[in-house]
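Read off the chains here:
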Amino acid sequence: MQQRRPHSNVAVSNGGADNISREERRMERRLAKERRAAGAGKKLKRVKRSNAKYNNNALLPWLSWKRDPYVQMTLLSFGLFSLIGITTYRMFHDGGTHHMHHSQQQPDKEGEYNSDTINTGGSSTGGLLSRLRGKKYVIPESLKNMGAKERWYTDLRREYDTEILPKDDERSVAFVEAERKRQGIYTQSPYAQTPYDIHNCPSHPPDGYPMQWPVLDVTANWPTDDPNPPSHKGIYQGLCIFDYRTDLAKAERYRHKERPFVMRNDPAVARTAERWLSPGYLSKLLMGKEDTDRRTEYSPNNHFMYWVDKRPRDERRKAAKHLKDAHKKGEDVHGGFGRGDQGEMKEAMQELEELNELKIQLADAKEYQEDHEDDDEAEEEVNRLQHLVAKAKKKKNEVALENWQPPTENLRMSYSEWLKHANVTDDKLGPDNPHWYFRLIGCGAMGDHTEDGSCDKGSSEWLFDELTFFQPRTDEERPFYLIEPKKQKGIHCRFGMKGVIAENHFDLSRNAITLLGGQRRYLLGDPSQCINMNLLPRGHPSARHSAVDWSNPDLRDFPTFPKTHVNEIVMQPGDVLYLPTNWFHYIVSLELNMQCNTRSGGENINKEYISECGF
């Protein structure tokens, strides 16, 4: 359909100006000129032609902003500030170094997360300033889905890995060797000779390995309450010491046979020990961005015994309220009371052993009743035993645990606060003075099922970056010290002050223990020694621990204790102790020290000895 232009005799189509040829426009202008000359009408008004897509009059109100200077200024300002904001963000953006949620997925294989150099990848790594500084730094051998991802830790490691302590395995191994020489070389006592050379052991564990000696001979040579080594440095050592660089295959065979040993001169362990002992490093690591309150144990003396609170809820609340009220008044009181009296422990053991024996009889009677439903005597026997068990439980609470008190108090304090307590002169130490035990926990996969991805408040996930030899890698990348990486239960570190004693006990899993600073003395016992160690039974808050005070054994209440046989080893910086399942260990801190361990599954080996002790 065609329409006439205003004041024109020339028809145009709806297609608009683009559909009118140049000749037609000339013809239109000529005709209009002739009409004006002939006086046929007033002067024609020139019409501005627009593009066809704007010919629809309904769109014109939406285009009014193009002619409004205030709108134009607003849009220009918005665009300018947006450009400034985006540029600033890109310049200072840290490249996604936020803490990542722990994942139970298997850690990625080595590659971009296992580089010893600064990452030279694409532009997606870090912001403009990061790229100008030389790319984002990737911590050597770090895991993609585990460990610390915060910027402060990455910057700290960049400083030490590239400037202060660049990777040099020979230097690190020489460092821990020098530390051992400085602390003193321990030798075998003349009364503790072995048929094998502990520094050049046979290719396979010899019969009777490791040798053990009467516990009273060992403690007489070096009393456990004395953290100062004997002047002759002779100890009852039966464990082999392997050099990681030359004895790895030999150590593998000992581990396969589930025999304990000590590994030395592992470059990965030496690097960590050198870094932790480097002046200022731990202060930056634990007193900077990570200066948070962590688990700490208090004891009124030098003995620390693990415990689980089995008191009734109202009694626990009453004790907690008493401590809280005392602290408000400014009183220096604690809820830890020491390991307890040996005589009272003996009475508790008798009551608990009677209860456990009745429980076993009751379980057998119920099993028999299920197979003989019509046997009235079987039903009567079950009823009789149920009555006796209930009576024994009541007696346990009234007699066995009547005088029990928590051996230690579980606190939270910062590393700097703990250091003030622990780093003191010898005149302020002693077995009867208060002691503190500081702890770090790297949760790893243990935090997968918690709300915040952590197994403990203030967990230290950077432990997986610091102790790469305890990372839960699998297949050909599996670390030597982890047998079943998927069963790892985190990394646990304990910093002990001089004189601290961890009471004798056993664990139901394999243990790999490394010392990164200071010295610790370990007295070790084969699971076959369980029957002589007088363990606190199931049901006791400190079950699995010896009731005997090894510093002052009560041989009247525990006449079998002298039959116990043990050996000992002094661990020094860079050492790793492999401790098989169910092996006993009693630990003495010889100076301010740093020890970390990890567990990875367990074996049923020696289970018959542990079962004989009621576990």
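Residues numbered from 1 in each chain as written. Predicted model: local features only at pLDDT ≥ 70, side-chain atom pairs only at ≥ 80, totals over all residues. Heavy atoms only, no water.

## Details of the state of the cysteines
So, point 1. Taken as a whole, this structure holds 3 disulfides when the rule is applied.
So, point 2. Here Cys201 engages in a disulfide with Cys240; their sulfurs sit 1.8 Å apart. Across the S-S bond linking Cys201 and Cys240, the dihedral sits near -100°, which makes this disulfide left-handed. You can see Cys201 sitting in the loop between β3 (187–188) and β4 (213–214) and its partner Cys240 sitting in the loop between β5 (234–235) and β6 (241–243), a full 39 residues away along the chain. (Disulfide = S-S within 2.5 Å. Helix = DSSP H or I, 4+ residues; strand = E, 2+ residues; numbered from the N terminus.)

## Thoughts on the nonpolar core
So, point 1. Counting residues in each nonpolar core, the largest one holds 76 residues, and the members touching the most others are Phe261, Trp276, Leu285, Trp462, Leu467, Tyr481 and Phe495.
So, point 2. Aside from chain neighbours lying at most four places away, what touches Phe495 is Trp276, Leu286, Tyr415, Trp418, Trp436, Tyr437, Phe438, Leu440, Arg520, Asn593 and Met594.
So, point 3. Grouped together as the second largest cluster of nonpolar side chains are 33 residues, Phe506, Phe558, Cys613 and Phe615 included. (Core = buried A, V, L, I, M, F, W, Y, C linked by side-chain atoms within 4.5 Å. Buried < 20%, exposed > 50% of the residue type's maximum accessible area, 1.4 Å probe, protein only. Contact = heavy atoms within 4.5 Å.)

## Comments concerning a positive patch on the surface
So, point 1. Residues Lys310, Lys359, Lys366, Lys393 and Arg538 make up a contiguous surface patch of positive charge.
So, point 2. Inspection of the secondary structure puts Lys310 in the loop between β9 (303–304) and α10 (313–328). (Patch = residues over 30% accessible without salt bridge, like charges linked within 9 Å, V, L, I, M, F, W, Y side chains within 5 Å. Areas by Shrake-Rupley, 256 points an atom, 1.4 Å probe, with all protein chains shown as cover. Salt bridge = Lys/Arg side-chain N within 4 Å of Asp/Glu carboxyl O. Lys, Arg positive; Asp, Glu negative; His and termini not counted. Charge placed at Lys NZ, Arg CZ, Asp CG, Glu CD.)

## A closer look at unusual backbone geometry
So, point 1. Residue Tyr209 is joined to Pro210 through a cis peptide bond whose omega torsion reads -10°.
So, point 2. The phi dihedral of Glu141 is positive, around 60°, even though this residue is not glycine.
So, point 3. Mapped onto the elements of the fold, Glu141 is located in the loop between α3 (128–132) and α4 (151–164).
So, point 4. In this structure, Asn265 is a non-glycine residue whose phi angle is positive, near 65°.
So, point 5. Within the secondary structure, Asn265 is located in the loop between β7 (261–264) and α8 (267–276).
So, point 6. For Asn265, a relative accessible area of 6% puts it in the buried group.

## What to know about the pattern of salt bridges
So, point 1. For the structure on display, the rule yields 29 salt bridges.
So, point 2. Residue Arg510 pairs with Glu484 through a salt bridge whose shortest N-O separation is 3.0 Å. Of this pair, Arg510 sits in the loop between β13 (501–506) and β14 (511–517) while Glu484 sits in the loop between α14 (463–466) and β12 (488–496), placing them 26 residues apart in sequence.
So, point 3. The exposure class of Arg510 is buried, given its relative accessible area of 3%.
So, point 4. Note that Asp507 and Arg599 form a salt bridge whose closest N and O atoms lie 3.2 Å from each other. In this pair, Asp507 is assigned in the loop between β13 and β14 and Arg599 in strand β19 (residues 593–600), connecting sequence segments 92 residues apart.
So, point 5. The network of salt bridges with shared partners includes Glu258, Glu484, Lys487, Arg510 and Glu603.

## Here we look at the sheet that holds β12
So, point 1. The strand order across the open sheet formed by 9 strands is β6-β7-β17-β14-β19-β12-β11-β8-β10, and the pairing between neighbours is mixed. If you trace the sheet from one side to the other, it starts and ends with β6 and β10 (409–413), each paired once. Here the strands of the sheet are splayed against their neighbours by 25° on average, with no regard to which way each runs.
So, point 2. Pairing geometry for β6 and β7, over 3 bridges, is parallel. For Asp243, the partnering residue across the bridge sits in β7 and is Arg264.
So, point 3. The sheet contacts of α8 involve β12, β14, β17 (576–579) and β19, and relative to β14 the element is tilted by about 40°. (Pairing = 2+ DSSP bridges. Axes fitted to C-alpha atoms, helices over the stretch in contact; angles between N-to-C directions.)

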